[in-house]
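Architecture and fold: a report
Letter by letter, the chains look like this.
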Amino acid sequence: MSMKDLCKLDLKTSIKIVRKMIRFSEMNHILPGSFAVVDEGGHLIVFESRDGRLTATVDIAIDKAWTAATMKASGRILEVITRGQGWRLNVKHKGRLTIIPGTVPIICERRVIGGIGHSGGSAEEDLLIAQAGLAALYDGEEAPPLYDGREVKGFGIEFARMIASKAIEYILDRGYPHASIAVVDRWGELIALYRMDEAPPGTLELARDKAWTSAVFRVYSEDVVKYGCPKLPDYGLKPVNWNERLTPIPGGVPIKMGGEVVGGLGIASISPDIDKLTALKAIEEV
Amino acid sequence: MRDKYDVIIIGGGVAGTSIARELSRYEVDTLLLEKNSEIGLGTTSTNMGLVCQGGDGSAFRPGTLHAELNIKSIPEWPKIADELNIPFKRIGGINLIRNKLDYGRALKSLSRSFRSSLEENAPFYISEKDFKFLQLIDGDMVYDMEPNLVEGFIGGLYDSNLAVTVPREVAYAYAENAKANGVEIRLDTEVKGVRREDGYYILETSDGVYRGRYVINAAGLYADKIADLAGLRTFSFVPLKGVMALLSREVGELIKHALVILPYLEEIPITKAIIPTVDGRVILGIYLEPSVKGDLTYDESMINRLIEIGREFIGDYISRDYIEEVVVGQMTFTNLETGWYEYVVETPLRVYNWINIVLGPAGISASPALAKKVIWILNTSELKLGMKKDFNPRRRVRVR
C-alpha cells in the first residue's frame with residue numbers, strides 16, 4: 001500500500017484503527033471504554049465502545065480525538081506546553097478541549113490527518129491504547145470487515161456492527177446517498193457510529209440525534225411529535241438542556257428485542273425518507 | 001537439537017544477539033531464532049553506526065530507559081570491541097551551533113548529559129575515567145577541528161566519547177561468540193504461532209516446533225506481531241523509514257568528526273548529520289518518515305533533501321556524483337505523536353517469563369547494557385543462572 005492511499009483516512013482504515021485499539025485493550029485487561037477516530041477537521045469517522053463501558057467515556061473519547069485533530073498535538077505535549085493549565089482553555093471551547101493523555105493525532109506524510117481518542121482506563125492506559133491505534137495505521141495489514149459474520153448474542157457492540165454493516169450494504173447496493181449510521185443503547189448513549197466515505201460531516205450529529213430520539217421515546221423519530229401538543233409551536237417539544245438531541249426528522253428507529261426496546265438506530269443522509277427505509281430494512285434483516 | 005530450551009530468543013538483530021552472547025556466559029540452554037537467512041538484516045542494518053552516545057542530551061532525556069542503557073554502555077564498548085574484534089573508532093562528535101537558539105539548546109544538552117551521567121547521585125552514574133565530559137567550544141575551535149565546514153557556525157558542543165562501528169558486524173560478532181559458547185542459532189526460522197502449555201511456550205515456526213521456558217521477544221519491526229500472537233503486547237510503535245546516503249572517500253577526507261546540526265522544530269523528524277564511517281566514507285542523513293511496515297522505497301525528492309542537508313555542512317563539495325549508495329531501512333519508533341521515543345524492555349503484567357524488547361534510535365550503542373539488563377530481569381525470576389566455567393569472551397578473527 002502506498003503512502004498516498006494510507007493518508008486518506010477512510011472508513012475502512014478507521015475501522016482497522018479502532019479494532020486494533022479494542023484488541024490491545026482486551027489483551028491488557030483494561031476496563032471497557034470508548035474508542036474514537038476523527039478526520040482532520042475533528043469530525044468522527046468511526047466510534048465504537050466495548051460492552052460494559054462507562055457511558056461517560058463516550059463523549060470524553062470523542063472530545064479527545066477532536067482535541068488531537070484540531071490542536072494537531074498529543075495530549076501529553078499539550079499538558080507540557082500549557083503547564084497543567086490546559087483546563088482553562090476549555091472555557092473557550094464549551095468544555096470540548098480535553099488535555100488528558102489518550103489523545104493522539106494521526107500523523108501521515110508529515111502532517112496531521114486526524115485524531116484518535118480513547119477513554120476508559122487510567123491516563124497511561126488511555127495513551128497506550130491510542131498509540132496502538134496510531135501504530136495500526138502503519139502495520140500494513142488488511143483492514144477487517146465491519147462485521148465478520150459471527151453469531152451475535154444479545155444487544156451490544158457486535159449487534160451494532162452487524163446492523164450498521166447491513167445498512168451500509170443496503171445503501172451501497174441501491175446506490176443511495178452515503179450516510180452516517182449511529183447505534184445507541186436504551187438510554188440513548190452512543191454505542192457505535194460510522195460515517196461513510198462520502199457522507200458530509202454534518203450528518204454525524206443528525207444520525208446520533210435521530211437514534212437518541214427513537215431510543216429514549218421508544219418511537220420512530222418522526223413520531224416523537226405525538227408526545228407533544230399540536231396547539232403549541234414546535235409541538236411544545238423545544239430541544240432544551242435535557243433533550244437537546246431531540247429531533248423529529250425521520251430516520252431514527254427503535255431496536256426491539258423480545259418486545260422490548262433495547263436501543264435505537266439512526267441513519268442520516270440527504271434524504272430522510274430513504275434513511276428511514278434503510279433503517280427499517282436493516283432492522284428487519286437482523 | 002534439543003526438545004526443550006530454557007530461553008528462546010526471537011530475533012537475530014543486535015538486541016537478540018547481544019542477549020544471546022550475554023546468556024552464553026551462563027549454564028542455560030539458549031536458542032536464537034532468526035527469520036532471515038542472515039543475522040542483522042532488519043532494523044540493525046539501518047543504524048548509522050554511532051556508539052558511545054551519551055553526551056547527546058538533546059535526544060537523551062534523563063530518566064528514560066533509552067538514556068540509561070546508552071550511558072551505561074559507554075564504559076563497556078572499548079572492552080567489547082576488543083574482545084569481539086569489532087571495528088571501533090573513536091572519532092568524536094560536534095553538535096554545531098548556528099545561532100542563539102542552537103546555543104540555548106546546546107546548553108540544555110550540556111546540563112542534561114551532566115545530570116544523567118557524571119553526577120554522583122545521578123540515577124545511572126558512570127565514573128569519570130570512562131566518560132569525558134562534553135565541552136562547549138567556540139567558532140575558531142570548530143573550524144580548527146573541521147576546516148572544510150561552511151562558514152557561519154559560531155560554536156559547537158564537542159563530545160569526545162563518540163565512536164563509530166559497523167552495525168551488522170556487531171550483530172555478527174555477538175552471534176558468532178554466542179554460538180562458540182554453546183548458543184544454538186537457527187536461521188530461516190520464522191515464528192508463526194505461540195502457545196502456552198505445561199509451563200512452556202510452544203513456538204510454532206516455519207521449521208518445526210520449539211519449546212522454551214522463557215521467551216525473549218526481540219523481533220525488531222515484527223516484535224508487535226510476535227507479542228500479538230502470544231497475546232502479550234504491551235507496547236506499540238510506528239515503523240520509521242530512514243533514507244541515508246553513503247558518500248565516497250573523496251568526501252570522507254573532508255570530515256573527521258561526526259557532525260550534527262539540531263533540526264528546527266518544523267523540520268523534525270529529519271536528523272541532520274554527517275558521519276565518517278570506519279572505512280573512510282561518509283554517511284549523510286537522515287531523512288525520516290513514518291511508513292508502512294516493509295516499505296523501503298525512496299524517491300528523488302528525498303535524495304535532494306539529503307544533498308541539501310549535506311550542503312549545510314560542507315557546501316558545494318556535496319553533489320549527486322559522490323553518492324555511492326542509498327541506504328533505506330526502517331526502525332521501530334515508539335511515542336511517534338510526541339517524538340519522545342523510549343525503549344521497551346519489560347515483562348507484561350501477570351507474566352514473568354516473557355520479555356518484550358523494542359529498541360529504537362541508538363540501539364547498537366545501547367546493546368551491551370541491554371543484555372545486562374535482560375540478565376538482571378532473568379535473575380529475578382526462577383531461572384537459575386550458573387556461571388559457565390569455560391566461557392570464552394574472545395571471538396576468533398575471521399576474514400570475510
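Residues take numbers from 1 onward in each chain, read along the sequence in its written order. Written order determines the labels here, with chains lettered from A and ligands numbered from 1. Local features in this predicted model are restricted to residues of pLDDT 70 or higher, and side-chain atom pairs are both shown and tallied only at a pLDDT of 80 or more, whereas totals for entire chains, interfaces and linings draw on every residue. Note that the side-chain values use all heavy atoms of the structure and ignore hydrogens as well as water.

1. Structural notes on helix α2 (residues 11–27) of chain A
Residues and elements named next belong to chain A.
- In this model, α2 (17 residues) spans 24 Å end to end at C-alpha, consistent with the 24 Å of a helix rising 1.5 Å per residue.
- With a 1.4 Å probe rolled over the protein chains alone, any residue whose accessible area is under 20% of its type maximum counts as buried; one over 50% counts as exposed, and the rest are partly exposed. A run of H or I in DSSP becomes a helix once it reaches four residues, and a run of E becomes a strand once it reaches two; helices and strands are each numbered from the N terminus. Among the 17 residues that make up α2, 14 are buried, leaving the element largely enclosed by the rest of the structure.
- Two residues or fewer past α2, H29 is found with a positive phi of approximately 55 degrees. Multiplying 1.5 Å by the helix residue count minus one yields the expected span of that helix.

2. Things to note about the layout of surface pockets
- For each structure, a 1 Å grid was placed over the protein atoms alone; sets of points admitting a 1.4 Å probe that cannot get out are labelled cavities, open sets with protein on both sides within 12 Å along at least five of seven lines are labelled pockets, and lining residues have an atom within 4 Å of a point. Grid points are joined across faces, edges and corners, and a volume is the space filled by probe spheres set on the points. What the second largest pocket holds in volume is close to 730 Å³.
- Lining the second largest pocket are 32 residues, and of these F24(A), L128(A), T234(B), F235(B) and E346(B) sit closest to its centre.
- The dominant element in the lining of the second largest pocket, judged by the number of residues it contributes, is helix α5 (residues 123–137) of chain A, at 6 residues.
- Each residue receives one of three labels: charged for Asp, Glu, Lys and Arg, nonpolar for Ala, Val, Leu, Ile, Met, Phe, Trp, Tyr, Cys and Pro, and polar for the others, Gly being one of them. The class makeup of the residues in the lining of the second largest pocket is 16 nonpolar, 9 polar and 7 charged.

3. Section: the interface of chain A and chain B
- Two residues qualify as a contact provided that any one of their heavy atoms is within 4.5 Å of a heavy atom in the partner residue. Contact residues are listed per partner, giving 26 residues for chain A and 29 residues for chain B.
- Accessible area, probed at 1.4 Å, shrinks when two parts are joined; the buried area is that loss added up over both. Summing the contributions of chain A and of chain B, the shared interface buries around 2,300 Å²; its carbon and sulfur component is 58%.
- Of all residues in chain A, M27(A), R110(A) and Y138(A) give up the largest surface area on contact with chain B, accounting jointly for 28% of the area buried on that side.
- Should a side-chain nitrogen of Lys or Arg be within 4 Å of a carboxyl oxygen of Asp or Glu, the pair is scored as a salt bridge. The interface formed by chain A and chain B holds 0 salt bridges in total.
- For this analysis, a polar contact is any N or O atom pair within 3.5 Å, provided that within protein one partner can donate a hydrogen and the other can accept it, and provided that sequence-adjacent residues contribute only side-chain to side-chain pairs. At the boundary of chain A with chain B, the tally comes to 6 residue pairs in polar contact (both at pLDDT 80 or more).
- Contributing elements (two or more residues each) for the side of chain A that touches chain B: α1 (3–6), α2, α4 (75–81), β3 (103–108) and α5 of chain A.
- Its residues placed into classes, the side of chain A that touches chain B shows 16 nonpolar, 5 polar and 5 charged.

4. A word on the pairing of strand β10 (residues 191–197) of chain B
Residue and element names in this part refer to chain B.
- Two elements, β10 and strand β11 (residues 200–205), share 6 bridges in a ladder whose sense is antiparallel. Note that in β11 the partner of V191 across the bridge is T205.
- In textbook terms, the turn of a hairpin is the stretch between consecutive antiparallel strands, and for β10 and β11 this stretch comprises 2 residues, one of which, D198, has a positive phi near 45 degrees. At least two DSSP bridges between two strands are needed for those strands to be called paired.

5. Observations concerning a nonpolar patch on the surface
- Patch rule: a residue counts if its relative accessible area is over 30% and it has no salt bridge; like charges are joined within 9 Å, and nonpolar side chains (Val, Leu, Ile, Met, Phe, Trp, Tyr) within 5 Å. For accessible areas, the Shrake-Rupley method is used with a probe of radius 1.4 Å. Any residue's cover is judged against the shown protein chains and nothing else. Taken together, the side chains of Y103(B), L107(B) and L136(B) define a hydrophobic patch exposed on the protein surface, amounting to about 240 Å² of accessible area.
- Turning to its location among the elements, Y103(B) is positioned in helix α4 (residues 100–117).

6. Considering the domain arrangement of chain B
Residues and elements named next belong to chain B.
- Where a domain begins and ends is set by an automatic assignment or by a domain database. Split by domain assignment, chain B resolves into domain 1 (1–92 + 162–236 + 337–400) and domain 2 (93–161 + 238–333).
- Summarising the inter-unit geometry, the C-alpha centres of domain 1 and domain 2 are found 26 Å apart.
- Every contact between the two is made by 42 residues of domain 1 and, on the other side, 37 residues of domain 2.
- Across the interface of domain 1 and domain 2, roughly 3,300 Å² is buried in total on both sides, 69% from carbon and sulfur atoms.
- When the buried area of domain 1 at its contact with domain 2 is split by residue, T46, M48 and L221 rank highest and sum to 20% of it.
- The tally of links between domain 1 and domain 2 comes to 1 salt bridge.
- Across the domain 1-domain 2 interface, the total number found is 6 residue pairs in polar contact (both at pLDDT 80 or more).

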